[in-house]
Amino acid sequence: MGFFLFFTLGVYDMSAVLPAAGASREDYVIYSIGLFCFQVCMLCSVGYHLFCCHRSEKTSRRWMALDYAGISIGILGCYVPGVFYAFYCNDYWRQVYLITVLAMILAVFFAQIHPHYLTQQWHRLRSVIFCSVAGYGVIPTIHWVWLNGGFSALIVQEFVPRVLVMYLIAAAAFLFYISKVPERYFPGQLNYLGSSHQVWHILVVLMFYWWYQSAVYIMKYRHSQPCPVYPMHA
Ligand SMILES: [Zn+2]
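Residues numbered from 1 in each chain as written. Predicted model: local features only at pLDDT ≥ 70, side-chain atom pairs only at ≥ 80, totals over all residues. Heavy atoms only, no water.

Moving on, we get to the packing of helix α3 (residues 57-86) against helix α4 (residues 91-113). Remark: α3 packs on α4, axes separated minimally by 10 Å, with the N-to-C direction vectors making an angle of 180°. Viewed along their axes, α3 and α4 adopt a mutual orientation that is roughly antiparallel. Only R94, Y97, L98, V101, L102, M104, I105, V108, F109 and Q112 of α4 make contact with α3, whose side of the interface consists of A65, Y68, A69, S72, I73, I75, L76, Y79, V80, V83 and F84. Here the residues of the contact of α3 with α4 sort into 18 nonpolar, 2 polar and 1 charged. (Axes fitted to C-alpha atoms, helices over the stretch in contact; angles between N-to-C directions. Helix = DSSP H or I, 4+ residues; strand = E, 2+ residues; numbered from the N terminus. Parallel < 35°, antiparallel > 145°, perpendicular 65-115°, else oblique. Contact = heavy atoms within 4.5 Å. Nonpolar A, V, L, I, M, F, W, Y, C, P; charged D, E, K, R; others polar.)

Right, dumping it as structure tokens:
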């Protein structure tokens, strides 16, 4: 369902929303990357949940590795449009953040293929890596607020709450994921419906959707407002 949501959203936005917003070829590329990442993330998850019961443990683990890799691709899909439009008027920092994000995601991607990555011993490390990759976004956010002149700027007041809501949804999703609430209190009763992993998946889709809409919002803002001249450009 998440896959079809982002697929439909892609078709709709490419044919209606982006043309109406006067989108350039660059905008189409950035939106395609974001939506493609979300769709890949959803499909990896579908693959894992369908085939994790495979009788070969090796095959099952491969699907699990792909599921984890899908999450980092999904996070990349959040970073690319976010960084691209937030730093729309500042080529230098846009490139710095896009490159660091890409390098980080690639590093995590290769770590996830490591045979030890899925072992129980690496359980804590997996959570640390996951939180660092997601939490890294706080740095460009704070920097962006500063570049835009602090909280008095209108765009900061509009956009920062959107970033906060995204992190709140992500934090809630992660808490359900690791705490195994509510099924730990009702053993055996939530095997089909209402388990933490289902809540996790719903929240992840909600977060991607929320962030996607926020990216559309800031793109429209960038198209309607000319770039201010930063002192560092002088
Ligand atoms: Zn899952």
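Read on for the rest.
The next point concerns the coordination of the zinc ion. Looking at the zinc ion, the protein donor atoms are H49 (NE2), H197 (NE2) and H201 (NE2), and they sit 2.0 Å from it. If you list the donors of the zinc ion from N- to C-terminus, the spacing comes out as H-x147-H-x3-H. Here the residue H49 occupies a position in helix α2 (residues 25-51), and H197 occupies one in helix α8 (residues 196-224), the gap between them amounting to 148 residues. By relative accessible area, which is 25% here, H197 ends up partly exposed. (Donors = N, O, S within 2.8 Å, 3.2 Å for Na, K, Ca; no water. Buried < 20%, exposed > 50% of the residue type's maximum accessible area, 1.4 Å probe, protein only.)

Let's shift gears to the UniProt feature "transmembrane region" (unreviewed entry) in the chain. When the UniProt feature table is mapped to this numbering, "transmembrane region" (unreviewed entry) covers residues 29-51, 63-88, 94-113, 125-147, 159-178 and 190-212. Annotated as residues 29-51, this span is 100% helix and 0% strand, and its ends, taken at the C-alpha atoms, are 32 Å apart. With 91% helix and 0% strand, residues 125-147 has end C-alpha atoms that lie 34 Å from one another. (UniProt positions renumbered as here; feature names shortened; annotations may be inferred.)

What follows deals with the layout of surface pockets. In this structure, the second largest pocket encloses a volume near 170 Å³. Along its surface, the second largest pocket is lined by K58, R61, R62, A65, Q112, I113, H114, P115 and L118. Mapped by element, the contributors of at least two residues to the lining of the second largest pocket are α3 and α4. The element that contributes the greatest number of residues to the lining of the second largest pocket is α3, accounting for 4 residues. For the lining of the second largest pocket, a count of residues per class yields 4 nonpolar, 2 polar and 3 charged. (1 Å grid on protein atoms, 1.4 Å probe; cavity = no way out; pocket = protein on both sides within 12 Å on 5 of 7 lines; lining within 4 Å. Points joined across faces, edges and corners; volume = space filled by probe spheres on them.)

Quick look at the UniProt feature "binding site: Zn(2+)" (unreviewed entry) in the chain now. Taken from the UniProt record, the annotation "binding site: Zn(2+)" (unreviewed entry) applies to H49, H197 and H201. Separation in sequence by 153 residues is not matched in space for these annotated residues, since their most distant C-alpha atoms are only 11.4 Å apart. Ignoring sequence-local partners within four residues, the contact set of H49 consists of H197 and H201. In contact with H201, not counting residues within four places along its chain, are S45 and H49.

Disulfides are covalent bonds that connect the sulfur atoms of two cysteines. If you walk through the whole model with that rule in mind, you get 1 disulfide. At a sulfur-sulfur separation of 2.0 Å, the disulfide partner of C89 is C227. Measuring the twist about the S-S bond at about -75°, one finds the C89-C227 disulfide to be left-handed. With C89 in the loop between α3 and α4 and C227 in the segment after α8, the pair connects residues that are 138 residues apart, well separated along the chain. Relative accessible area serves as the criterion here: at 39%, C227 is assigned to the partly exposed category. We note that C37 lacks a disulfide partner, and the nearest cysteine sulfur, in C78, lies 8.9 Å from it. According to the relative accessible area criterion, C37 is buried, its value standing at 5%. (Disulfide = S-S within 2.5 Å.)

All right, on to the pattern of salt bridges then. Throughout the structure, instances matching the rule amount to 2 salt bridges. In this structure, E57 engages R61 in a salt bridge whose closest nitrogen and oxygen atoms are separated by 3.3 Å. Separated by 4 residues within a single helix, E57 and R61 lie in helix α3, roughly one turn from each other. Given a relative accessible area of 57%, E57 falls into the exposed group. Salt-bridge contacts for D91 lead to R94; the nearest nitrogen and oxygen are separated by 2.9 Å. Here R94 and D91 lie together in helix α4, a separation of 3 residues that amounts to about one turn. Residue D91 is classed as partly exposed on the basis of its relative accessible area of 45%. (Salt bridge = Lys/Arg side-chain N within 4 Å of Asp/Glu carboxyl O.)

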